[in-house]
Amino acid sequence: MHFDTIALHASHAPDPATGAVVSPIHLSTTFARNETNELPANYLYARNNNPTREALEKALAVLEGGAVGMAFSSGQAATMTLLQALRPGDHVLLSTEAYYGTPALLEQVFHPWGLTYTRVDMRDLDAVQASIHENTRIVWCETPSNPMLAITDLLSVARLAHEADALCVCDNTWATPVLQRPLELNCDVVMHSTSKYLSGHSDVLGGALVFKTNNEFTQRVRTLQSLSGAVPSPFDCWLVSRGIKTLGVRMRAQMATAQVVADFLSDHPAVEQLHYPGLSTHPDRAIVHQQMNGPGAMVSVQIKGGAEEALQFIGKLTLFTRATSLGGVESLIEHRASSEGANSSTPVNLLRLSIGLEHAEDLIADLAQALR
Ligand SMILES: *Cc1c(COP(=O)(O)O)cnc(C)c1O
């Protein structure tokens, strides 16, 4: 079966108790024992597990082709819980360019707690190999990267990680399993912020981890999930499951529009540089073809001038909403350096576009008038 069919049916089944075509939301925090003190459906308490979260977790595992899925209350909670499974003295290798919250957790939470980490340009495989030490437990990739849309060769990095008995983790938030399935490229764990494309409507925070195999490490993370309790509410799980039903169509439509927008911007005289893996000039095109089903719907543009010109440009837009985050049905634009704050290394003339479901011609008209 094709991905769309699998995704729809993984997140959808008539309720066996009532026949309801749409799954109910199980709000109960606790589950009754029978006369002999057993739990008939194996649910005990909602922090450990509940039917609505379990349905989402199964769907997540199916989408990524993994053995075990786990849902969290945010992408950061997923990252946090995975890193908590490491031990003081362990080392994490992280890409130079990553969602700012990942290095922030490593620096502010896990470094004081005894974890070490280094950052490396994951496109430089010699540098990756040289940076993996005997205590390296996780090599953390994010591809396409935020916000420069650099591409990591997952097969090669996973091979280097495995040579050192480290796990290869991929933050797959930007590509989604529609476009990239890291576990099929030998990664061990996929991480998602489901706040983005998976839910798709900018109305729920969530995170996910999907594990290729159900081993001791996976079970350690499972234990931490219920012990530390950064789990999503049943309603949040239900919203993410609903989003998954339309993930394939949304992703393809948003990506088609992103390509048109990127082509328009790449020719525009006010543009200094465009970052989009769908451009024939993108430096990592060969890997895009090899590991992705398409370049995605995120576009970053550096316009001529500095921060002032960039902010003036977005101030004139009417269809794009000036906001952080991404992956929803409405197009957003963000001056990333402003959001990242003082330590940001993002160019001050860079704007990040999350292309939504508006018509391409209307988005281009808006960009054209604002760039004039
Ligand atoms: C948003 C995002 C995160 C963090 O997820 P939250 O749900 O905001 O906690 C992590 N990685 C990437 C690539 C993201 O875009």
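Thresholds applied
Residues numbered from 1 in each chain as written. Predicted model: local features only at pLDDT ≥ 70, side-chain atom pairs only at ≥ 80, totals over all residues. Heavy atoms only, no water. Helix = DSSP H or I, 4+ residues; strand = E, 2+ residues; numbered from the N terminus. 1 Å grid on protein atoms, 1.4 Å probe; cavity = no way out; pocket = protein on both sides within 12 Å on 5 of 7 lines; lining within 4 Å. Points joined across faces, edges and corners; volume = space filled by probe spheres on them. Nonpolar A, V, L, I, M, F, W, Y, C, P; charged D, E, K, R; others polar. Near = heavy atom within 4 Å. Polar contact = N/O pair within 3.5 Å; in protein donor to acceptor, adjacent residues only side chain to side chain. Areas by Shrake-Rupley, 256 points an atom, 1.4 Å probe, with all protein chains shown as cover. Phe/Tyr/Trp six-rings, centres within 6.5 Å; stacked < 30°, edge-to-face > 60°. Buried < 20%, exposed > 50% of the residue type's maximum accessible area, 1.4 Å probe, protein only. Contact = heavy atoms within 4.5 Å. Pairing = 2+ DSSP bridges. Axes fitted to C-alpha atoms, helices over the stretch in contact; angles between N-to-C directions. Left-handed = near helix turned anticlockwise from the far one by under 90°.

A. Region of the structure containing unusual backbone geometry. Along the chain, threonine 143 connects to proline 144 via a cis peptide bond; the corresponding omega equals -5 degrees. As for its placement among the helices and strands, proline 144 is situated in the loop between strand 4 (136–142) and helix 6 (154–163). Cis geometry is found at the peptide bond from asparagine 146 to proline 147, where omega equals 0 degrees. Relative to the assigned elements, proline 147 resides in the loop between strand 4 and helix 6. Of note in this structure, asparagine 42 is not a glycine but carries a positive phi near 70 degrees. Tracing the backbone through its elements, the reader meets asparagine 42 in the loop between helix 1 (3–10) and helix 2 (51–64). Backbone geometry at aspartate 165 places phi at a positive 60 degrees, although glycine is not the residue there. Within the element layout of this structure, aspartate 165 appears in the loop between helix 6 and strand 5 (167–171).

B. Looking closely at empty space enclosed by the protein. By the definition in use, this model includes two cavities of 30 Å³ or more. Looking at the largest cavity, its volume works out to about 40 Å³. In terms of lining, the largest cavity is formed by 14 residues, of which the most central are Leu56, Phe72, Thr194, Pro232 and Val240. Where the lining of the largest cavity is concerned, the elements lending two or more residues are helix 2, strand 1 (68–72), strand 7 (207–211) and helix 9 (234–245). With three residues, the top contributor of residues to the lining of the largest cavity is helix 9. Of the residues assigned to the lining of the largest cavity, the class counts are ten nonpolar, three polar and one charged. A volume near 30 Å³ is recorded for the second largest cavity. Lining the second largest cavity are Pro144, Leu149, Trp174, Ala175, Met292, Pro295, Gly296, Ala297 and Met298. The residue inventory of the lining of the second largest cavity, partitioned by class, reads eight nonpolar, one polar and no charged.

C. View of the site of the ligand. Near the ligand there are 14 residues, and of these Gln76, Asp171, Ser193, Ser195 and Lys196 occur at the shortest range. One of the backbone N or O atoms of glutamine 76 is found 2.8 Å from an oxygen atom in the ligand. Separating an oxygen atom of the ligand from a side-chain N or O atom of tryptophan 174 is a distance of 3.4 Å. Protein contacts shield 93% of the accessible area of the ligand, which totals 380 Å² for the unbound molecule.

D. Representation of the packing of aromatic side chains. By the definition in use, this model includes four aromatic pairs. Ring geometry for tyrosine 99 and tyrosine 100: centres 5.2 Å apart, planes at 50 degrees, overall tilted. Judged by centre distance (5.3 Å) and plane angle (80 degrees), the ring pair of phenylalanine 110 and tryptophan 113 falls under edge-to-face.

E. Region of the structure containing the side chain of histidine 192. Mapped onto the elements of the fold, histidine 192 is located in strand 6 (residues 189–193). You can call histidine 192 buried: its relative accessible area is 1%. Side-chain polar atoms of histidine 192 contact the side chain of glutamate 64, separated by 2.7 Å. Not counting residues within four places of it along the chain, the set of residues in contact with histidine 192 comprises Glu64, Gly75, Asn172, Thr173, Thr176, Pro177, Leu198, Gly206, Gly207 and Ala208.

F. Region of the structure containing the pairing of strand 11 (residues 332–335). Burial along strand 11 is two-sided: the face carrying Leu332 and Glu334 and the face carrying Ile333 and His335 are both buried. Of the strand pairs in this sheet, strand 10 (residues 321–322) and strand 11 are connected by two bridges, and their pairing is parallel. Bridge pairing in strand 11 links threonine 321 to leucine 332. Both strand 11 and strand 12 (residues 350–354) contribute to a ladder of four bridges, which runs antiparallel. By the bridge assignment for strand 12, glutamate 334 is matched with arginine 352.

G. Fine view of the sheet that holds strand 5. On the basis of which strands lie adjacent, the open sheet formed by seven strands has the order 1-7-6-5-4-2-3 and mixed pairing. Each edge of the open sheet carries a strand with a single partner, namely strand 1 and strand 3 (116–120). Neighbour-to-neighbour, the strand axes of the sheet open up by a mean angle of 20 degrees, direction not taken into account. Taken together, the five bridges between strand 1 and strand 7 define a ladder with antiparallel strand orientation. Pairing of valine 68 across the sheet is with phenylalanine 211, part of strand 7. Of the strands in this sheet, strand 4 and strand 5 are in contact with helix 6, which crosses strand 5 at around 150 degrees. In the packing of helix 8 (residues 216–228) onto the sheet, the strands contacted are strand 1, strand 4, strand 5 and strand 7, and the crossing angle to strand 1 comes to about 25 degrees.

H. Structural detail: the packing of helix 2 against helix 9. The contact between helix 2 and helix 9 brings their axes to 8 Å, and the two run at 35 degrees. Seen along the crossing, helix 2 lies across helix 9 with a hand that is left-handed. Contact with helix 2, carried on its side by Thr52, Arg53, Leu56, Leu60 and Leu63, involves Pro234, Cys237, Trp238, Val240, Ser241 and Ile244 of helix 9 and no other residues of that element. Classifying every residue of the contact of helix 2 with helix 9 gives eight nonpolar, two polar and one charged.

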